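Below are the chains, spelled out letter by letter.
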Amino acid sequence: TMRRTTTRHAAPAPSPSPSNHATQDGKPRVISDMGEFTDSVYDLVKTVPAGHVTTYGDVAEALGSKAVARHVGWALGKCWDADVPWWRVINSAGCVSFRASDVASKKSKSKKPSSKKRKRDDDKDEVETVSQQETLLAAEGVTFETQGNMQKRRVRDFDDLRYQFPDVEFDEQV
């Protein structure tokens, strides 16, 4: 009879955390000083011209690792520097990401004559969120198109307005 043997292999090494991924040149990307990283994000975002947009992932890739896109968002979320155009950085779908400081306002529906068979939904008001980011982008000439519902408004001509950082090539959106 033939005897089956099993070779045991060592367990695979744990995958690195998002802030530890390798950069394009193979060196590990470690955010050891969040203040220094934040300053780098702010300096890079300042190069995006008015009327153009970029994404959190584009900024992260220009800094050396697309894996730190969420960290870029955190850095910009706490930005109080008036010289940093944080509003020019949007999500990869081409939409703004709403913040807690954005204002929700009610938009009343037109009054319909009363009817005993009126649906309950007719009594509800539509809520439209007014985004400070959209307002600032619109002031620079960026326009939006509605995607599905009022909460999903995409930058019109996103691919044309997407800023290309020098020496960085981005994946095309599908």
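Residues numbered from 1 in each chain as written. Predicted model: local features only at pLDDT ≥ 70, side-chain atom pairs only at ≥ 80, totals over all residues. Heavy atoms only, no water.

Draft legend 1. The environment of Trp74, seen in detail. Among the secondary structure elements, Trp74 is positioned in helix 3 (residues 69–77). Classification of Trp74 by relative accessible area gives exposed; the value is 51%. When the C-alpha atoms of Trp74 and Tyr56 are compared, they prove to be 9.8 Å apart, with 18 residues separating the residues in sequence. (Helix = DSSP H or I, 4+ residues; strand = E, 2+ residues; numbered from the N terminus. Buried < 20%, exposed > 50% of the residue type's maximum accessible area, 1.4 Å probe, protein only.)

Draft legend 2. Structural context of the side chain of Ser131. Among the secondary structure elements, Ser131 is positioned in the loop between strand 4 (126–130) and helix 4 (132–139). In this structure Ser131 comes out as buried when scored by relative accessible area, which is 2%. Here Gln133 takes part through its backbone nitrogen, which lies 3.2 Å from a polar atom of the side chain of Ser131. (Polar contact = N/O pair within 3.5 Å; in protein donor to acceptor, adjacent residues only side chain to side chain.)

Draft legend 3. Representation of the nonpolar core within the structure. Ranked by size, the top nonpolar core spans 29 residues in total, and within it Val41, Val59, Val72, Leu76 and Leu137 carry the most contacts. The set of elements that each furnish at least two residues to this core consists of helix 1 (34–45), helix 2 (56–63), helix 3, strand 2 (89–90) and helix 5 (158–161). When residues in this core are grouped by element, the largest group, five residues, is from helix 1. With sequence-adjacent residues up to four places away left out, Val72 is seen in contact with Phe37, Val41, Tyr56, Val59 and Ala60. (Core = buried A, V, L, I, M, F, W, Y, C linked by side-chain atoms within 4.5 Å. Contact = heavy atoms within 4.5 Å.)

Treat this as a map of the structure, not an account of what it does.
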